[in-house]
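This is what each chain is made of:
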Amino acid sequence: MKSLYEALGTTPNKIDERWRAADVTSCLEFEFEGSSWFAVKAFGVYSLFDDKGTRRFWGQRLVKDWGPQLARFFDFKLEMVDKDGETIVPPPAYLVAPFYVDQDGGWKDPWKSFTDFYLPESISTLAEYHSGIKPDGYYAAKAELTKEKIALSNLDTAVETLRQAVAQIQEIEGLTPTYDLQEFASECDDLVAESERLLSVQARRRRIIADLHEEGHLLRREADLIAQTLKEMRGEFELASSLPREVECPTCGHEYQNSFADRFALIADEGVLSKALTDARSKFERVSEKERTERGKLGEVSDSLARIEKILEVQKRSLSLNDVLLSAGKTEAARILRVSLNEKIVEADGSRNRVESFRSSMNEYTDAKRTADIRKSYRTRLSAFSQELDVYLDDPEKQSIYSVKAARGSEGPRALLAYYYAFLHTKMEFTNNVRFPVVIDSPNQQGQDKVHLPQMMKFIFDHLPDDAQTIVATEDATGLDLNGVAIATYGEAKRQVLREKEFEAVKAFFDPYFRKILAME
């Protein structure tokens, strides 16, 4: 069971030392997009062969070579950042994570069936990616955004360098105008065009600042209102605390209870309002910071506009032949630099538009309504599956999509089974990426009794997500109603899975692969 996905480059939670020392070779035959493929793990190398025996690609390192190639093969677009800040394709365990439950890790906590989850924030990333909260499209756009931001940074640097060069040439003779009339006209046109572009940017920045200012104003009003409500509520609590347990109405004479419960209710309401006040003030600070940033950008645009206007206001003076000769070199150099500068500005604008486009694509995939729909679908299934498996959940409507909270003992594995299936069904509904077979190793954990073990086995096959191929390992299937399920028996001797009588046939099967791997074909 551990070898199935290990052939694709995963590391199961726990591997017996005798098995590891044997350096077992494995071959996983699978069907994908209508063709048969063979993943072979041998001699410390991972290889993928097609049904004609041709080796399509291979690699030794899971992160550097084999993992990225396997990700392209399965169109797996998840990218993560390692501890050094580098963007990488995570190892194959991240690809098949929801589909495997390891008996040594998967029945204790979710996302613990493999030991390869070493990257920062692995659990949250796995849950968000495989559930569809942040699907392939999000990470594809994110990858393009990262590349485009690097390109834009280089272009901005080039633009700034060229602008400084043009400015230095102009400063050689002060603000002396260009002496070639055609070149002067071209320079003026360029300056006007740049001025118009900056005016458009200025208007956009002002709209953003106005929106942020209005949002900040509303948040400040909200915080003030909550603070005033808190003040009034604290006054009510102090008044209630100062009164006796029974209070007589001065108008009708009726007595009212001044109970502890009512006062505790006021305290609870005060806690809710205090958190709301903290949240409102935090939002206000974030919006204010954004507004300050945008005002800084607006200032930069205004400075650029002022420089252009100053240049355009320079009056042409009478020129001597000596002036023309002296300025000829400067004029030609400035013309060449301006042509290059204009080209870089156009490229930078195009890159900037692409950056915004990729950001918009990422935002579309993280739409709040879509995320809420995914979480609601997951929690609905988790609640239904938990009830069917005789599992009690505290507050099902608040269960996290990253894990499940359940009681200890034999109820724990059943809660995890409900979680795995609720998550898989959610994945099938909201994502379109590749589906793998569901591999469940030894569900009889924590001493399941004669009622709950058959219940778990029946649940596994009755609720197959999208009719996925499902492989289950169990020590004993006696007494289990498994009609329609193919049963295969392995192991002829203690601590021995392989059959000695099949050695020659298996060796003949592996030999062609061995020859190509050793020959590095």
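For the structure itself, look to the data block above.
Heads up: these notes are all about the structure in this document. Residues take numbers from 1 onward in each chain, read along the sequence in its written order. For a predicted model such as this one, the threshold for reporting local features is a pLDDT of at least 70, and the threshold for listing and counting side-chain atom pairs is 80 or more; totals across whole chains, interfaces and linings nevertheless cover every residue. Note that water and hydrogens are dropped before the side-chain values are worked out from all heavy atoms of the structure.

**A short note on the nonpolar core**
At step 1: Ranked by internal contacts, the top residues of the largest apolar core, which has 84 residues, are Tyr-5, Phe-30, Phe-74 and Phe-436.
At step 2: Of all the elements, helix H11 (residues 411-430) adds the most residues to this core, at 12 residues.
At step 3: We call two residues contacting when some pair of their heavy atoms lies within 4.5 Å. Contacts of Phe-436, omitting those with residues within four sequence positions, involve Tyr-5, Leu-8, Phe-74, Leu-95, Val-96 and Phe-99.
At step 4: Membership of the second largest hydrophobic core comes to nine residues, among which are Val-40, Ala-42, Val-45 and Phe-514. Side-chain atoms within 4.5 Å are what join buried Ala, Val, Leu, Ile, Met, Phe, Trp, Tyr and Cys residues into a set we call a nonpolar core. Relative accessibility decides the category of a residue: with a 1.4 Å probe and only protein chains considered, values under 20% of the type maximum give buried, values over 50% give exposed, and everything between is partly exposed. Only DSSP runs of H or I with at least four residues qualify as helices, and only runs of E with at least two residues qualify as strands; both kinds are numbered from the N terminus onward.

**Quick word on the packing of aromatic side chains**
Two numbers describe a pair of aromatic rings. These are the distance of the centres and the angle of the planes.
At step 1: Here the aromatic set is Phe, Tyr and Trp, taking the six-membered ring for Trp, and pairing holds for ring centres within 6.5 Å; pairs whose planes are under 30 degrees apart are stacked, those over 60 apart are edge-to-face, and all others are tilted. Under the defined criterion, the tally for this structure stands at 30 aromatic pairs.
At step 2: For the ring pair Phe-114 and Phe-117, a centre distance of 6.1 Å and an interplane angle of 90° mean the geometry is edge-to-face. Pair check on accessibility: Phe-114 and Phe-117 agree, each one buried.

**Concerning helix H3 (residues 62-73)**
At step 1: When the terminal C-alpha atoms of H3 are compared, their 14 Å separation across 12 residues is substantially less than the 16 Å that a helix rising 1.5 Å per residue should span.
At step 2: For H3, the buried fraction is high: nine of the 12 residues fall into the buried class.
At step 3: Inspection of H3 places Leu-62, Asp-65, Trp-66, Gly-67, Pro-68, Gln-69, Leu-70, Ala-71 and Phe-73 among the buried residues, and these make up the whole buried set.
At step 4: Buried positions along H3 lie against strand E1 (26-32), strand E2 (35-42), strand E3 (45-50), strand E4 (55-59) and helix H4 (93-96).
At step 5: Of the residues trailing H3, Asp-75 is marked for its positive phi of about 55°. The span you would expect from a helix comes to 1.5 Å times its residue count less one.

**Digging into the sheet that holds strand E10 (residues 438-441)**
In a beta sheet, neighbouring strands are held together by backbone hydrogen bonds and run either parallel or antiparallel to one another.
At step 1: Pairing between two strands is assigned when DSSP locates at least 2 bridges connecting them. With respect to topology, three strands assemble into an open sheet ordered E7-E10-E11, the strand pairing being parallel. Two strands lie at the open edges of the sheet, namely strand E7 (100-101) and strand E11 (470-473), each paired on one side alone.
At step 2: The pairing of E7 with E10 spans two bridges and is parallel. Residue Tyr-100 lies in a different strand from E10, and its bridge partner there is Val-439.
At step 3: Only the stretch in contact is used when a helix axis is fitted, and all axes are lines through C-alpha atoms; the angle between N-to-C directions ranges over 0 to 180 degrees. Here helix H12 (residues 452-462) sits on the sheet in contact with E10 and E11, set at roughly 165° to E11.

**A few points about the pairing of E1**
At step 1: In E1, alternate side chains face the same way, and those of Ser-26, Leu-28, Phe-30 and Phe-32 are buried while those of Cys-27, Glu-29 and Glu-31 on the opposite face are not.
At step 2: Of the strand pairs in this sheet, E1 and E2 are connected by seven bridges, and their pairing is antiparallel. Along E2, the bridge assignment pairs Phe-30 with Trp-37.
At step 3: Joining the antiparallel neighbours E1 and E2 is a turn of two residues, in which Glu-33 adopts a positive phi near 55°.

**What to know about helix H10 (residues 368-388)**
At step 1: Here H10 contains 21 residues, and its C-alpha end-to-end distance of 30 Å stays within 8% of the 30 Å for a straight helix at 1.5 Å per residue.
At step 2: Among the residues making up H10, those that are buried are Thr-371, Ile-374, Ser-377, Tyr-378, Leu-382, Ser-383, Phe-385 and Ser-386.
At step 3: Looking at the packing, one finds that the buried side of H10 touches helix H5 (122-131), H11 and H12.
At step 4: Downstream of H10 by one or two residues, Asp-390 has phi in the positive range, about 60°.

**Examining the pattern of salt bridges**
At step 1: Salt bridge criterion: a side-chain nitrogen from Lys or Arg within 4 Å of a carboxyl oxygen from Asp or Glu. Tallying each qualifying case throughout the model produces 21 salt bridges.
At step 2: Among the ionic pairs, Asp-104 bridges to Lys-2, the shortest N-O distance being 2.9 Å. Note that Asp-104 is positioned in the loop between E7 and H5 and Lys-2 in helix H1 (residues 2-6), a separation of 102 residues in sequence.
At step 3: According to the relative accessible area criterion, Asp-104 is partly exposed, its value standing at 25%.
At step 4: One connected set of salt bridges, linked through shared partners, spans Lys-2, Asp-102 and Asp-104.

**Structural notes on the packing of H5 against H11**
At step 1: Two numbers describe how H5 lies on H11: the axes approach to 8 Å, and their chain directions differ by 50°. As far as their axial angle goes, H11 and H5 are oblique. Facing H5, whose interface residues are Leu-126, Ala-127, His-130 and Ser-131, H11 presents Phe-423, Thr-426, Lys-427 and Phe-430.
At step 2: Gly counts as polar in this scheme, as do all residues outside two lists: the nonpolar Ala, Val, Leu, Ile, Met, Phe, Trp, Tyr, Cys and Pro, and the charged Asp, Glu, Lys and Arg. Looking at side-chain class alone, the contact of H5 with H11 contains four nonpolar, three polar and one charged residues. Each angle receives one of four descriptions, namely roughly parallel if under 35 degrees, roughly antiparallel if over 145, roughly perpendicular if within 65 to 115, and oblique otherwise.

Keep in mind that these numbers describe shape and distance, not what the molecule does.
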